[in-house]
Amino acid sequence: MRDLTIAIDGYSSCGKSTLAKEIAQEMNYVYVDSGAMYRAVTLHMLNKGILKDGAFITDQVVRELDNVEIRFKFDSSAGRSETYLNGENVEKDIRTLAISKQVSAISAIPQVREKLVFIQQELGAKGGVIMDGRDIGTVVFPNAEVKLFMVAENDIRAQRRFLELKNKGEVLSIEDVRKSIARRDYLDMNREISPLRKAEDAIEIDNSELTEEEQLALAITIIQDKIKTVETAN
Ligand code: DC
């Protein structure tokens, strides 16, 4: 059968990308991190200093979009796909709290979404792709055969993210991380265009109490069930 399209959406720091990478490896699918694309655009606009009183100047951001080229390249030594902005590897630079704080403002700009959704749909056009983000099951691939929606308790998400940033050498308090996650969820759920929401046909996974292995096993069972349903229908 044709390779499937798998969409994973959910709140910030719910482990979407960890799960998506593991499924991609297990199924030999291509993994696309759509959040990395919004982060790369944010980095570009910050580098250009297109801000006034701490807020992005929308019309300048829109004009500058023509100068943004984003690619993913697989790094075999790291065993993962890395993000390139205009030819430069920005994988580390886009994962800081400074970018996390600004990315929701950039991702609320319609022209930014239009450009990135177009690229995402091209990347997934042939199937055999798993993409994570906020609007993958609702807007990017509304016909995806498998849609997962990830949730986890706030304290657990904050703790995971805090450890992740700490391991990367960022000095901050867990309270800062908690606030940043809550703010980002709020902005992502309440923006006018393509807000974060669960697609009607998405299956929710709450991983608060699950280990990585349990979460992967659950997702694979859901996907295999779906494959059987699709095959029976054909
Ligand atoms: O998945 P992430 O935390 O790296 O995503 C960063 C931000 O990008 C997120 O807060 C909102 C935005 N985003 C989006 O609007 N749509 C997507 N499909 C993916 C991310």
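Residues numbered from 1 in each chain as written. Predicted model: local features only at pLDDT ≥ 70, side-chain atom pairs only at ≥ 80, totals over all residues. Heavy atoms only, no water.

Draft legend 1. Fine view of the environment of Phe-162. Note on placement: Phe-162 falls in helix H7 (residues 154–167). Judged by relative accessible area, Phe-162 falls into the buried class, the value being 16%. Between the C-alpha atoms of Phe-162 and Ser-13, which are 149 residues apart in sequence, the distance is 9.9 Å. Aside from chain neighbours lying at most four places away, what touches Phe-162 is Leu-172, Ser-173, Ile-174 and Val-177. (Helix = DSSP H or I, 4+ residues; strand = E, 2+ residues; numbered from the N terminus. Buried < 20%, exposed > 50% of the residue type's maximum accessible area, 1.4 Å probe, protein only. Contact = heavy atoms within 4.5 Å.)

Draft legend 2. Region of the structure containing the pattern of salt bridges. Across all of its chains, the model carries 15 salt bridges by this definition. When the shortest N-O distance is used, the salt bridge between Asp-185 and Arg-157 registers 2.9 Å. One end of the pair, Asp-185, is in helix H8 (residues 174–190); the other, Arg-157, is in helix H7, and 28 residues separate them in sequence. The exposure classification of Asp-185 matches that of Arg-157, with both residues buried. For Asp-188, the salt bridge is made with Arg-191, and the minimal N-O distance between the two is 3.6 Å. Salt bridges here are not isolated pairs; linked through shared partners, they connect Asp-33, Glu-91 and Arg-95. (Salt bridge = Lys/Arg side-chain N within 4 Å of Asp/Glu carboxyl O.)

Draft legend 3. Seen up close, the nonpolar core. Judged by nonpolar contacts, the single largest core of 31 residues is most densely connected at Val-41, Met-45, Val-61, Ile-70, Ile-106, Val-112 and Leu-116. Looking at this core, the elements that each hand over two or more residues are helix H2 (34–48), helix H4 (97–107), helix H5 (110–123), strand E8 (129–133) and helix H6 (136–140). The greatest single-element share of this core, amounting to 7 residues, is contributed by H2. Sequence-distant contacts of Val-61, defined by excluding residues within four places in its chain, comprise Met-45, Ile-50, Phe-56, Ile-106, Ile-109 and Val-112. Counting 21 residues, the second-largest nonpolar core is a separate cluster that includes Ala-24, Tyr-31, Ala-219 and Ile-220. (Core = buried A, V, L, I, M, F, W, Y, C linked by side-chain atoms within 4.5 Å.)

Draft legend 4. Spotlight on H4. Of all the positions in H4, only Leu-97, Ile-99, Ser-100, Val-103, Ser-104, Ile-106 and Ser-107 are classed as buried. Angularly, the buried residues of H4 cover 165° about the axis, an arc narrow enough to put them on a single face. (Arc of directions from axis to C-beta.)

Draft legend 5. Region of the structure containing the sheet that holds strand E5 (residues 70–75). Sheet architecture is open: 3 strands sit in the order E5-E6-E7, paired in antiparallel fashion. Either end of the sheet is taken by a strand with one partner, and the two such strands are E5 and strand E7 (88–89). Both strand E6 (residues 80–85) and E7 contribute to a ladder of 2 bridges, which runs antiparallel. Within E7, the position partnered with Tyr-84 by the bridge is Asn-89. (Pairing = 2+ DSSP bridges.)

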